[in-house]
Amino acid sequence: MLSIVGLVGEGSFGRVYKCVNPQGKFVAMKTVRCKSYGIECLNEANVMLRFNHPHINRASDVYIKDDNLVIVQDLACYDLMKWRSNSKRVIMERMKYIFYQITHALHVLHAYDIVHCDVKAENVLVFSNDEVKLADFGLSRTYSQPFTARIATDTHRPPESWNNEECTKSVDIWCLGCTFYEVVTGVVLFRGWKDVLNYIATGKFRLSQHPCFNELVALTIAVDPSSRPTTEDIMASQFFDDIERPEIVYSVKSQLSPGTDVVSHFCKTVSASSSESLLKHATGLYVRVRDSGVNKELLKYTCLLIMAKVYCRKVDMLNCLYTLEELKNAERKVCEFVKFLVHVC
């Protein structure tokens, strides 16, 4: 049982509290409103439970309380933006050490086909001795093919997202460059779409006082997504040559398939005999959608819709085609058994 000490912060998805656990240790408790942000709940919990990485924010416990998903995690000193505002001057060696940690965390996520989609200084937590952890995975998604996504923060949004074009993992690279620039200079690189348009037209941006850093930023904000470096390229760049690149040890849990394994487990939680055949139908649908190469978002919402209908005992209309809006509305229903999904992952 956690004892709440006070409110640390509040965002669009929920709140973060400073708490004391039964062992007397200070921890952070993040609460997310399941009924409003069900899919974001699952994304957040899945990443935080799956990756045991020193620079990826990890959950020590996940549970449901009063229709909120509760994520217990280590208590940070502040986020990277507040850390920067408290720093009187820029020490580039210190910055490089922090940037390397963030890049490595993103590198591991990309290696397992996860795109963060909201990399920014406010989503990087700072702990003691300049140790940082990438956090806030509510908008993250599994990547297997190009997708359309509106990156949450206007100041970090790449051209392909503004234009509603197909996106790849390179959206995170653009966001990473914008984050680095803001932390070093104290100002945003692009205030919005007009600034991005001007950059596209001129190829120029406001330079910092650090030439090598400017070169790195320029690479990350290439207008053509395919021209941006990978996380591996960034870590190997000469920008980090004058620091000792740390050896980072991590482990990753196997990802649960959203197909047969989920259906098999869910069958055990549903007593109605009619549900088993419905879930078998869902398995077949999952395989067909997966193999058809359609947008992953549609697949995700389709699976949620079927599970929601099983849970609510609404077995009609399964053979019709659903609009994307209908599929999105299913999120509210599926949140009623979000606890099952979290425990399985």
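Residues numbered from 1 in each chain as written. Predicted model: local features only at pLDDT ≥ 70, side-chain atom pairs only at ≥ 80, totals over all residues. Heavy atoms only, no water.

A. Just the sheet that holds strand β9 (residues 124–126), in detail. The three strands are arranged β7-β9-β10 in an open sheet whose pairing can be described as antiparallel. At either end of the open sheet lies a strand with only one pairing partner, and these are β7 (78–79) and β10 (132–134). Sheet topology places β7 next to β9; two bridges connect them, and they run antiparallel. Counterpart to Tyr78 in the pairing with β9 is Val126. In the packing of helix α3 (residues 92–111) onto the sheet, the strands contacted are β9 and β10, and the crossing angle to β10 comes to about 30°. (Pairing = 2+ DSSP bridges. Helix = DSSP H or I, 4+ residues; strand = E, 2+ residues; numbered from the N terminus. Contact = heavy atoms within 4.5 Å. Axes fitted to C-alpha atoms, helices over the stretch in contact; angles between N-to-C directions.)

B. Seen up close, unusual backbone geometry. Phi angles above zero are rare outside glycine, and Cys117 is one such case at about 75°. With respect to the element layout, Cys117 can be found in the loop between β8 (114–115) and β9. With relative accessibility at 4%, the residue Cys117 sits in the buried group. With a phi angle near 55°, Asn164 is a residue other than glycine that sits in the positive phi range. (Buried < 20%, exposed > 50% of the residue type's maximum accessible area, 1.4 Å probe, protein only.)

C. Summary view of the packing of α3 against helix α5 (residues 170–185). Look at α3 against α5: their axes get within 11 Å of each other, and the N-to-C directions meet at 165°. Taken as axis vectors, α3 and α5 run roughly antiparallel relative to one another. Here α3 runs over α5; the crossing is right-handed. Side by side, α3 and α5 meet where Met92, Met95, Phe99, Ile102, Thr103, Leu106 and His110 of the first sit next to Asp172, Ile173, Leu176, Phe180, Val183 and Val184 of the second. Broken down by class, the residue content of the contact of α3 with α5 amounts to 10 nonpolar, two polar and one charged. (Parallel < 35°, antiparallel > 145°, perpendicular 65-115°, else oblique. Left-handed = near helix turned anticlockwise from the far one by under 90°. Nonpolar A, V, L, I, M, F, W, Y, C, P; charged D, E, K, R; others polar.)

D. Layout of the nonpolar core. If you look at the biggest cluster of nonpolar residues, it comprises 63 residues, and the most contacted ones within it are Leu80, Phe99, Leu109 and Phe213. Not counting residues up to four positions away in its chain, the partners in contact with Leu80 are Ile98, Ile102, Ala121, Val124, Val126 and Val183. If you look at the next biggest cluster of nonpolar residues, it comprises seven residues, including Leu2, Tyr17, Cys19 and Val72. (Core = buried A, V, L, I, M, F, W, Y, C linked by side-chain atoms within 4.5 Å.)

E. Inspection of the pattern of salt bridges at higher detail. Within the structure shown, the criterion is met by 11 salt bridges. Its salt-bridge partner being Glu10, residue Arg15 comes within 3.1 Å of it at the nearest N-O pair. Measuring nitrogen to oxygen at the nearest pair gives 3.6 Å for the salt bridge that ties Lys25 to Asp74. Of this pair, Lys25 sits in the loop between β2 (14–20) and β3 (26–33) while Asp74 sits in strand β6 (residues 68–74), placing them 49 residues apart in sequence. Looking at Lys25, the relative accessible area reads 47%, which means it is partly exposed. Its relative accessible area of 31% is what places Asp74 among the partly exposed residues. Taken together, the salt bridges that share partners define one network made up of Lys25, Asp74 and Lys133. (Salt bridge = Lys/Arg side-chain N within 4 Å of Asp/Glu carboxyl O.)

F. Region of interest: the packing of aromatic side chains. Enumeration over the complete set of coordinates arrives at 12 aromatic pairs. Summarising the aromatic geometry, the rings of Tyr181 and Phe205 are spaced 6.3 Å apart at their centres and angled 80° between planes, so their arrangement reads as edge-to-face. Remark: Phe205 occurs in the loop between α6 (193–202) and α7 (211–220) and Tyr181 occurs in helix α5; sequence separation between them is 24 residues. Chaining the aromatic ring pairs together yields one cluster made of Phe99, Tyr100, Phe180, Phe213, Phe239 and Phe240. Here the basic side chain of Lys18 rests over the ring of Phe26, its NZ or CZ set 4.4 Å away from the ring centre. Of note, Lys96 hangs over the ring of Phe239, and the distance from its end group to the ring centre comes to 4.8 Å. (Phe/Tyr/Trp six-rings, centres within 6.5 Å; stacked < 30°, edge-to-face > 60°. Lys NZ or Arg CZ within 6 Å of the ring centre and 35° of its normal.)

G. Representation of a nonpolar patch on the surface in the model. A contiguous nonpolar surface patch, about 210 Å² in accessible area, is contributed by Leu197, Ile200 and Val223. Within the secondary structure, Val223 is located in the loop between α7 and α8 (231–236). Since its relative accessible area comes to 35%, Val223 is described here as partly exposed. (Patch = residues over 30% accessible without salt bridge, like charges linked within 9 Å, V, L, I, M, F, W, Y side chains within 5 Å. Areas by Shrake-Rupley, 256 points an atom, 1.4 Å probe, with all protein chains shown as cover.)

H. Representation of the pairing of β3. In terms of burial, β3 is largely enclosed, as six of its eight residues are buried. Taken together, β2 and the strand that follows it, β3, pair antiparallel across an intervening segment of five residues, in which Gly24 is found at a positive phi of about 85°. As paired elements, β3 and β6 share seven bridges and run antiparallel to each other. Counterpart to Val32 in the pairing with β6 is Leu69.

I. Examining α6 more closely. Buried within α6 we find Asp195, Val196 and Tyr199. Buried positions in α6, seen along its axis, are confined to an arc of 100° and lie on one side of it. Pointing more than 90 degrees away from the buried face of α6 are the exposed residues Lys194 and Ala201. Among the structural elements, α4 (159–162), α5 and α7 are those in contact with the buried residues of α6. Looking one or two places after α6, you find Gly203, whose phi comes out positive at around 75°. (Arc of directions from axis to C-beta.)

J. Quick look at the packing of α5 against α7. Contact geometry of α5 with α7 gives a least axis separation of 8 Å together with a crossing angle of 150°. In terms of axis orientation, α5 runs roughly antiparallel to α7. At the point where α5 passes α7, the crossing takes the left-handed sense. Between α5 and α7, the contacting residues are Ile173, Trp174, Gly177, Phe180, Tyr181 and Val184 on the first element and Phe213, Leu216, Val217 and Thr220 on the second. Tallied by class, the residues present in the contact of α5 with α7 amount to eight nonpolar, two polar and no charged.

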